[in-house]
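Secondary and tertiary structure notes
Here is how the chains run, residue by residue.
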Number of protein chains: 2
Amino acid sequence: MPLRLDSRDPGFAAAFTALVDARREANEDVSRDVTAILKRVRAEGDAALADYTQRFDRHDLNASGWAVTPAETRAALHGISTELRDALELAAARIAAYHEKQKPQDSDGVDAAGVRLGARWSAVDAAGLYVPGGRAAYPSSVLMNAIPAKVAGVERIAIVTPTPGGDINPMVLAAAHIAGIEEVWRVGGAQAIAALAYGTDKIRPVDVITGPGNAWVAEAKRQLYGVVGIDMVAGPSEIVVVADGRNDPEWTAADLLSQSEHDPTSQSILFTDDAAFADAVAQAVERQIPALSTAAVARASWDANGAIILVGDLGEAMPLVDRLAPEHLELAVDDPEPLFARVRHAGSVFLGRMTPEAVGDYVAGPNHVLPTGRRARFSSGLSVLDFMKRTSFLSLTPAAIAAIGPAAVALAKAEGLPAHAASVALRLP
Amino acid sequence: MPLRLDSRDPGFAAAFTALVDARREANEDVSRDVTAILKRVRAEGDAALADYTQRFDRHDLNASGWAVTPAETRAALHGISTELRDALELAAARIAAYHEKQKPQDSDGVDAAGVRLGARWSAVDAAGLYVPGGRAAYPSSVLMNAIPAKVAGVERIAIVTPTPGGDINPMVLAAAHIAGIEEVWRVGGAQAIAALAYGTDKIRPVDVITGPGNAWVAEAKRQLYGVVGIDMVAGPSEIVVVADGRNDPEWTAADLLSQSEHDPTSQSILFTDDAAFADAVAQAVERQIPALSTAAVARASWDANGAIILVGDLGEAMPLVDRLAPEHLELAVDDPEPLFARVRHAGSVFLGRMTPEAVGDYVAGPNHVLPTGRRARFSSGLSVLDFMKRTSFLSLTPAAIAAIGPAAVALAKAEGLPAHAASVALRLP
């Protein structure tokens, strides 16, 4: 059974704080394993990749192939149904349109002191995209990671994906083909992240690595942050639904279960001001779970991490939501604007009764790679900016350095840096 | 003596690759020490802070004070010379003006399918700013870190700074006062970063930590990335100067030494197409070093990490510069535009003969916190965006979900996620 809390109960503050603090952290064993894997791939390159891939994925890279060819990705697209192909293409077009608007503007201008100042954005040279194998092999994630990189102007995008027993999801390949990716390596896990960061004989290094993965993949990205750029440290998926009593309990139950079914560690939380609706949703969840092909996962997640929280009014929920800083937030009321205006920390917000979170997972356009584990306090969803960097620039005339140079000389001397001072002072009239 | 290379020599490619690869990395001993410090501060809070501060900084927090008061920072500003106060205020005003232009635009609109889509930027609640003590206690860094946070709209900014033997640089306090910061803690090192990230009884946790520090501070930030946001993994400072033979060798020598004097691990590299100029700069460096109060550091850095590289023409230098992806790049020629157009990877570029890098360290306006160690390949200087995050949002009407919902249902089913499919399908007409 999920947690049930009522904000009017005397123990509420402590119980809610426990819920906030329960967000999970990196496990020390995983961290040690990953350190060892990174070290070995760095030292031994492709030989280490082949060994780990045989051991973890039962795939012999040297016998059965290191890469998926562009012909295979094209064939995969032609092998899926027209309905799915159309759906992927609609999704790709909408994701591209949304992300085009994120492209940053360069700046360049001369100020009153005669100083030319500006900033120029450019794409990274190469990006690596991790695509999980097995249960979480999602073509939608291929589009959500690859399209922002393409829009940014990244020239080389390489996918790494484990192919357990040689198997690879044709929908993933179809999505790669739609996104225009021709470099797909059959390696996964921390060893694939190491290969992308350090490079091997076969796999050239990249500058940025993005994409979801299990705890080993996430820890490898965390450890290699600084050697490469990464999208973020990602944890289990989360949804918070803020709903009044005039929603259909079946809709709300499905929305909650759409996170629960991801993983046993996912979290779904309902805030409502209507006790009867809370009960109705709890019952609808129980009715819906057995019909799901993902019933076991959804059951485990809902029982361990689900919560239904009764509040006096929905406005009271908003500071509590901010403390959770959820990845996904639905505001299922007739007029969500007053509540939305009070949201400070959330990855993505779904406004009104007709906006289920899942529509954002696939086709709406905004990115579905979003900060989890309270990281919406300080980080944002994946965007074009994750694949670009900014170079500032400056140009001074003799008059400009005469105007602002003396202050630089004074500060450099005060900081005890005489060569700094000299480099400016020598140019003063 | 610094390294001397000539691009026409047969061994050049290998020697240059060695120079690129020599960028330094985290030391495993530092990493282990830092892990232990973070763990202890998390478990023991203020008691651990007091113990480490006594041990490393010979400062008894409980006897001599945990914090600098706002009255002390105000007094520090009134205690410095008018020249320095004016210089700090000019710097602050110019930094604020440059960073105001970085504030991102929100977006909100309805597309052809009737889907409302947008993104809203907001500041983090709290930022922590690390200010080194001792040799590298720079008031300019206080301004460069604090002002972007203020411009972003961060409500709480806390400084942590070690005060060895109780000493604190009055210029640092004056800069803090100008930047409007009233919370200054007398703690430093990895233990201060841990306190900011986890919070203690006295120091409330923050969301983002920025600011320069030694190897322990940098490693603490790296290890806590994900618990908090951080500016970047920073390493030793670097400059690359691309100069033709028509520069004053004294100016170029001072520019090179302005990085060398920072730290023995700093790096200064000159590319030129003029062998006589190369010799003249080398001689000017030798003449200037003994006159510097920072002579010992500059000597160590220049001998160990300095380089003068002769190229056939300056255009030939540009792909080499890109491989170094330097923090600072000066293009000291009459018309720098053609060279600048070819730069892909650099933190900040200084155009023309009258733009010494040091003017950018203090008063020009762009940030002096820039990516080092080849990280300009994928990261940018500190900006207002480091203190903000973006929340995407979405709102669908019944017509909009009818238009795009079926594709979401198809993809959710293909990914084996039935609750995702149901949450959309239940709302379709």
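Each chain carries its own residue numbering, running from 1 in the direction its sequence is written. Chain labels run from A onward and ligand labels from 1 onward, assigned in the order the entries are written. Whole-chain, interface and lining totals are the exception, using all residues; otherwise, since this is a predicted model, local features are given only for residues with pLDDT of at least 70 and side-chain atom pairs are given and counted only at 80 or more. The side-chain values count all of the structure's non-hydrogen atoms but skip hydrogen atoms and water molecules.

As annotated in an unreviewed UniProt entry, chain A carries the name Histidinol dehydrogenase and is attributed to Sphingobium fontiphilum. UniProt positions are given in the numbering used here, feature names are shortened, and annotations may be inferred rather than shown by experiment. Listed in UniProt under the heading Pathway (unreviewed entry), the comment for chain A reads: "Amino-acid biosynthesis; L-histidine biosynthesis; L-histidine from 5-phospho-alpha-D-ribose 1-diphosphate: step 9/9." UniProt, in the comment section headed Catalytic activity (unreviewed entry), describes chain A in these words: "L-histidinol + 2 NAD(+) + H2O = L-histidine + 2 NADH + 3 H(+)".

The next point concerns the relation of the copies chain B and chain A. Each copy of the sequence occupies a distinct position, and chain B is placed on chain A by a rotation of 180° and an axial shift of 0.0 Å, giving an RMSD of 0.0 Å. These values place the two chain copies in the arrangement generated by a two-fold rotation axis. By definition in these notes, contact holds between two residues if any of their heavy atoms fall within 4.5 Å. Most of the interface of chain B is mirrored in chain A, where 100% of its interface residues again form contacts. Least-squares fitting of one copy onto the other uses the C-alpha atoms of those residues that reach a pLDDT of at least 70 in both copies.

Attention now moves to the interface of chain B and chain A. Contacts between the two partners involve 121 residues from chain B and, on the opposite side, 121 residues from chain A. Two parts placed together each lose some accessible area; with a 1.4 Å probe, that loss summed over both constitutes the buried area. When chain B packs against chain A, the two sides together hide about 10000 Å² of surface, and 57% of this comes from carbon and sulfur. Put simply, a salt bridge is a Lys or Arg side-chain nitrogen that is within 4 Å of an Asp or Glu carboxyl oxygen. Here chain B and chain A share 10 salt bridges between them. Close ionic contact of R377 of chain A with D207 of chain B constitutes a salt bridge, the shortest N to O distance being 2.8 Å. The definition of a polar contact used here is a pair of N or O atoms within 3.5 Å, where within protein one atom must be able to donate a hydrogen and the other to accept one, and adjacent residues in sequence count solely through side-chain atom pairs. Here chain B and chain A share 67 residue pairs in polar contact (both at pLDDT 80 or more) between them. Per-element tally for the side of chain B that touches chain A: the top contributor is helix 17 (residues 398-414) of chain B, with nine residues. Counted by class, the side of chain B that touches chain A contains 66 nonpolar, 27 polar and 28 charged residues. In DSSP terms, a helix is any run of H or I states spanning at least four residues, a strand is any run of E spanning at least two, and both are numbered starting from the N terminus. For this classification, Asp, Glu, Lys and Arg are treated as charged, while Ala, Val, Leu, Ile, Met, Phe, Trp, Tyr, Cys and Pro are nonpolar and the rest, including Gly, are polar.

In this section: the pairing of strand 12 (residues 307-310) of chain A. All names here are of chain A. Going residue by residue along strand 12, you find A307 and I309 tucked away on one face and I308 and L310 tucked away on the opposite face as well. Paired strands are those between which DSSP finds at least two bridges. In terms of strand pairing, strand 1 (residues 3-6) meets strand 12 through four bridges, oriented parallel. Note on strand 12: the bridge partner recorded for D6 is L310. Pairing geometry for strand 11 (residues 267-272) and strand 12, over four bridges, is parallel. The residue of strand 12 that forms the bridge with T272 is L310. Only protein chains enter the area calculation, which uses a 1.4 Å probe; residues under 20% of their type maximum are buried, those over 50% are exposed, and those in between are partly exposed.

The next thing to look at is the UniProt feature "binding site: Zn(2+)" (unreviewed entry) in chain A. Residues and elements named next belong to chain A. Using the residue numbers shown here, the UniProt feature "binding site: Zn(2+)" (unreviewed entry) corresponds to Q259, H262, D361 and H420. Annotated residues spanning 162 residues; largest pairwise C-alpha distance 55.6 Å, indicating distribution over more than one region. Along the chain, Q259 falls in helix 11 (residues 249-260). Excluding residues that lie within four positions of it along the chain, Q259 makes contacts with S237, E238, I239, S266, Q267, S268, E327, H328 and E357. Summarising the element assignment, H262 is placed in the loop between helix 11 and strand 11.

All names here are of chain A. At their nearest, the axes of helix 7 (residues 139-152) and helix 8 (residues 170-178) sit 8 Å apart, and the two run at 25° to each other. In terms of orientation, helix 7 and helix 8 fall into the roughly parallel class. Between helix 7 and helix 8 lies a crossing of right-handed hand. Note on element contacts: helix 8 touches helix 7 through M171, V172, A175, A176 and I178, opposite P139, V142 and L143. Here an angle of 0 to 180 degrees is reported between the N-to-C directions of two axes, which are lines fitted to C-alpha atoms, with helices fitted over the stretch in contact. Our angle categories are set so that under 35 degrees counts as roughly parallel, over 145 as roughly antiparallel, 65 to 115 as roughly perpendicular, and the remainder as oblique. Note on convention: the crossing is left-handed when the near helix lies turned anticlockwise from the far helix by less than a right angle, right-handed when the turn is clockwise.

Residues and elements named next belong to chain A. Residues other than glycine seldom take positive phi values, yet R58 does so here, at roughly 50°. Within the secondary structure layout, R58 lies in the loop between helix 3 (46-57) and helix 4 (61-64). Classification of R58 as exposed rests on a relative accessible area of 53%. Within the chain, R374 stands out as a residue other than glycine whose phi angle is a positive 70°. Mapping R374 onto the fold places it in the loop between helix 16 (357-362) and strand 15 (388-395).

What follows covers the sheet that holds strand 9 (residues 229-230) of chain B. All names here are of chain B. Taken in spatial order, the six strands make up an open sheet running 2-7-6-5-8-9, and their pairing is mixed. The open sheet has two edge strands, strand 2 (67-68) and strand 9, and neither has a second partner. Sheet topology note: the strand 2/strand 7 (residues 183-185) ladder contains two bridges and is antiparallel. Bridging from a neighbouring strand, A67 pairs with W185 of strand 7. Strands strand 5 (126-130), strand 6 (156-160) and strand 8 (208-210) of the sheet are contacted by helix 7 (residues 139-152), whose axis makes an angle of about 165° with strand 6.

Attention now goes to the UniProt feature "binding site: substrate" (unreviewed entry) in chain A. Residue and element names in this part refer to chain A. Here the UniProt feature "binding site: substrate" (unreviewed entry) sits at S237, Q259, H262, H328, D361, E415 and H420. A maximum C-alpha distance of 55.6 Å shows the annotated residues, which cover 184 residues in sequence, to be distributed over more than one spot. Following the sequence through the fold, H328 ends up in strand 13 (residues 328-332). A residue is classified by how much of its surface remains accessible, and H328, at 2% relative accessible area, is buried. Not counting chain neighbours up to four residues away, the residues in contact with H328 comprise S237, E238, I239, V240, Q259, S348, F350, E357, D361 and L370.

Okay, the packing of aromatic side chains next. The criterion for an aromatic pair is that two Phe, Tyr or Trp rings (for Trp, the six-membered ring) have centres within 6.5 Å, with stacked assigned to planes under 30 degrees apart, edge-to-face to planes over 60 apart and tilted to the rest. Per the counting criterion, the structure on display carries nine aromatic pairs over all chains. An aromatic cluster of at least three residues, connected via ring pairs, comprises F12, F16 and F271 of chain A. A cation over an aromatic ring shows up here: R120 of chain A above the ring of F340 of chain B, its NZ or CZ 3.8 Å from the ring centre. Counted as over-ring charges are cases with an Arg CZ or a Lys NZ within 6 Å of the ring centre that also lie within 35 degrees of the ring normal. The ring centre of Y52 of chain B lies 4.9 Å from the NZ or CZ of R40 of chain B, which sits over that ring.

On to helix 12 (residues 275-288) of chain B, then. Residue and element names in this part refer to chain B. By this rule, a helix spans an expected 1.5 Å times one less than how many residues it contains. Here helix 12 spans 20 Å end to end across 14 residues, near enough to the 20 Å set by a 1.5 Å rise per residue. Among all positions in helix 12, only F277, A278, V281, A282, A284, V285 and Q288 are buried. For helix 12, the arc enclosing every buried residue in end-on projection is 165°, short of the 170-degree limit, so these residues lie on one face. Away from its buried face, by an angle of more than 90 degrees, helix 12 presents the exposed residues A276 and R287. Working note: the arc is built from the helix axis to C-beta atom directions.

Here we take up the environment of G180 of chain A. With respect to the helices, strands and loops of the structure, G180 of chain A is situated in the loop between helix 8 and strand 7 (183-185). Separated by 37 residues in sequence, G180 of chain A and L143 of chain A place their C-alpha atoms 10.0 Å apart.

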